[in-house]
Structures are given as C-alpha cells and as structure tokens.
Amino acid sequence: MRCYLQAFLLCMAFTLFSLLYVFNQLASTLEDRGDWDPKEQGIPEKSHDTRHVLRKRPGLAGLRERGGLERERSSSAVKEHSDWRSHLAVVACGPRLEETLNMLKSAVLFSKKPLHFYIFAEDDLHDSFRNALDSWPRTVQTKFNFTLYPITFPKDNMKEWKKLFKPCASQRLFLPLILKEVDSLLYVDTDILFLQPVEDIWALLSHFNSSQLAAMAPEHEEPRIGWYNRFARHPYYGKTGINSGVMLMNMTRLREKSFKNDMTQVALRWEEILMPLLQKYKLNITWGDQDLLNIIFHHNPESLYVFPCQWNYRPDHCIYGSNCQQAEQEGVFILHGNRGVYHDDKQPAFRAVYEAIQKYPFGENMEASLLRPLEASLQTTTNSYCGRASHLFTKKLQQSIMSAQQDATQRR
C-alpha cells in the first residue's frame, strides 16, 4: 500500500512541475512575441519633457496630449474616433527641420479636423521640433497633437537600412511595426506642401476595396520621360512605377497581409519580406525604399489603390509641359518639391509656394497675406514650363483658403 501511495505522490509532483514548466514557457513566448522591443531599439519609455509622455506602445494608445495631461483611451474609444483625427507621419534627418515645419504648417492651415503628427527625427532635432511647435499660437496648437520618435531600425541590420538612399528615408518601411496601435496613417516626405485639408486625402481610405491596404500616385504620367520603364533593373508597379512621397496606409491590413514575392513560393508578412528583398535587390535599386515598395506592389497589385497625380504633384508633371490631366481640371491638391526645388532656382514656381507658406504669419487673413502675395510672386515665374502652369497651384489653394476662413468666422 505504501508503494502505491509513494507512486501516486510522485506522479502528482511530476504533474505539478510539468504544469509549472508549461505555464512558464507560455509566458515567455508571449513576452517574446513582440519582435520590436522599444528598449532594444533605443525608444525611450518617456520623453525628457514630462508634458509629453511616450508609452512603450506608441500610436493611439500612446498619444502625447498637450497641456500637461495624458488621456487614457479604451479600445472602444479608439474605434469611435478612428475617423475623427487624421494621423500624419514624417521622417526628418539632417537639415530638414525647417522644411518639415513648413509641411506641418501647411497641414494645420487648411485642415478643419484635428491632426496628430508622428515625427521621426534624429535626437538632436527633438528639442528644436518641440520648441517650434510649442511656440505656435495657442489657437493653432488646439488643432493638433504631436509625438516625437527617435530614428530606429532593426538592430541586426541597422547600418544597412540607415544608409539606404538618403539618411533615414527607409524609416517609413518600419512605421507599421513601430506604430502597432495605429490603424491608418498618412506618410509624407518633408518636402510636401498641402494645398487643401489633410482630411480630404484621409477620406480616400473609405475608397479602398477589401484587398487594398495602401495608396500612392504613379511615378510618371508620361512614359516617354518615365524613369522606371526606361531604367529600372528590378520589378516595379504598373507602367511607370509609383512614387512613395505621399503614402496612405491601412496599417492594420498591412500588418495582417501575407505578400506574394519572387524569392519563395511562400507568402511573407511585412516584417518578413523587407530584409530578404533588400538582400536580393540592393545592387539593382536606385531610389532605396521606394524601389522596394515598387517590387512589393508589382507582385501584389491588388493591394494598391492608385490615386491621381494631383495628390502628389512634382516638377516631373510640368517640367516639359503640363502632363497631369487631373490637376488641369481641378488644380493641385498636394505639392511635392522633390530634388530640392524649394531651395534652389531650378523651379521658381515651386519655391514661390514654399516661401509664401513659410512667410505667412499665423492669424493673419490668408487671402491677403498668403494668396495674393503668392499670385504676385508666381507672375514672375512664367519663363519656365512649371511657372506657366502655376495657376494650377493656386486653383485649389484659393478654395481651401476661402473654406478655412469661413470656418474660422463661424467658430467666433
């Protein structure tokens, strides 16, 4: 009898230890499941500015609320306000501070709905961003929140990602993995200027069908001057490729999607596909992360919503004559001054728009202090093709200014 009792107790002890081991392994697995550890990537749990607390999980669950208070949001509240605020991300490195601030200024000037800015910047730019945005008038500050993030890449390949194309440009590829609680996001380059409210392009999310998870504009409208169709040494989307300077994303779908590819017959998740693509094509890509996006959507065209060129209007659309038909009809919605045209004399019409927004004093009448000076400045640019098309720059802008002023009058 004693032998049976000892055997029973031994079995019970073995079972108990087995259960403890299983639960320990399960807990460990759950802890390790988040493959983007903010501590390992150098993301601080809170910023040095105690008014802007940054939690471990950035995004909607970690918004920095202005005015010294941090507001908790339940999951139901997040869903309830998912369309209430437009979420805008930008990546700024090196001498891009002023250009980025001017982009944010254009977003605030014309938008009627509140905005949240996700600013990814080198550490030495954080104080400058914070001081600049905190210096804007309180009436303007009520229209937006902002969160500052460090530049972070997967630690195993950090140097390779950082030196891809321009410094920090490939950060945009990892936004869905960093901002895990953000459902949808509009990413823009620093050299973007909004000529109409951000919520208008944000509304394109509702145009996505069930398979689409991102939206971009074509790289070119005219194949005869297209870059990808003439020079690319890798797959690209459609006839002329896509430009990633303005990229609208349903990041929930993007994180859940398994992408077809030319490396394996097995579809890969977003976090699985990026590094293998870089390893395969790094000797053949010219435009860095934009080329990788072209390769991905070449193999998954059903996942992309293509919006017209007026949402991403670049010098290519007017340098040899106007070739953006939608802008001809409705005007330019978003101006993209790539190749540094805001800061040189190659495209004076683009520079005129940039400087008009930069010089506009908050609170002044926008028609008198922004639109009229801009129109006068554009009259001096007609010696270039883009200058001759500059009436397209003010067509939508004039409507945006009138609408914003009417809205401000009604609020008083």
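Residues numbered from 1 in each chain as written. Predicted model: local features only at pLDDT ≥ 70, side-chain atom pairs only at ≥ 80, totals over all residues. Heavy atoms only, no water.

This next bit is on the state of the cysteines. This model, assessed by the stated rule, comprises three disulfides. For Cys318, the disulfide goes to Cys386, at an S-S distance of 1.9 Å. The disulfide joining Cys318 to Cys386 has a torsion of about 90 degrees about its S-S bond and is therefore right-handed. With a gap of 68 residues between them, Cys318 in the loop between β10 (304-306) and α13 (325-330) and Cys386 in helix α16 (residues 385-388) connect regions that are remote in the sequence. (Disulfide = S-S within 2.5 Å. Helix = DSSP H or I, 4+ residues; strand = E, 2+ residues; numbered from the N terminus.)

Glancing now at the confidence of the model for the protein chain. For the protein chain, mean pLDDT is 84; residues scoring 70 or higher make up 78% of the total. Low pLDDT (under 50) marks residues 19-82, which in the prediction has 103 contacts with non-local residues, meaning those over four places away or in another chain. (pLDDT = per-residue confidence, 0-100. Contact = heavy atoms within 4.5 Å.)

Counting residues in each nonpolar core, the largest one holds 44 residues, and the members touching the most others are Phe120, Trp161, Leu179, Leu185, Trp270 and Phe297. If you tally residues by element for this core, the top one is helix α11 (residues 270-281), at seven residues. Residues within four places of Phe120 in sequence aside, it is in contact with Val90, Val91, Ala92, Tyr149, Pro150, Ile151, Gln171, Leu175, Ile178 and Leu179. (Core = buried A, V, L, I, M, F, W, Y, C linked by side-chain atoms within 4.5 Å. Buried < 20%, exposed > 50% of the residue type's maximum accessible area, 1.4 Å probe, protein only.)

As a further point, take the pattern of salt bridges. One side chain can pair with another of opposite charge once the charged atoms of both are near each other. Inspection of the entire model under this criterion finds 15 salt bridges. The salt bridge involving Lys260 is made with Glu302; its shortest N-O contact spans 3.1 Å. On the criterion of sequence distance, the pair formed by Lys260 in the loop between β8 (258-259) and β9 (268-269) and Glu302 in the loop between α12 (289-299) and β10 is long-range, its members being 42 residues apart. We classify Lys260 as partly exposed; its relative accessible area is 43%. Look at Glu302 and you get partly exposed, because its relative accessible area is 29%. Taken together, the salt bridges that share partners define one network made up of Glu219, Arg314, Asp316 and Arg339. (Salt bridge = Lys/Arg side-chain N within 4 Å of Asp/Glu carboxyl O.)

Across the interface, helix α3 (residues 97-110) lies against helix α4 (residues 126-135) with an axial gap of 11 Å and an inter-helix angle of 35 degrees. Note that α3 runs across α4; the crossing there is right-handed. Mapping the contact onto sequence places Leu97, Thr100, Leu101 and Leu104 in α3 and Ser128, Phe129, Ala132 and Leu133 in α4. Its residues assigned to classes, the contact of α3 with α4 comprises six nonpolar, two polar and no charged. (Axes fitted to C-alpha atoms, helices over the stretch in contact; angles between N-to-C directions. Left-handed = near helix turned anticlockwise from the far one by under 90°. Nonpolar A, V, L, I, M, F, W, Y, C, P; charged D, E, K, R; others polar.)

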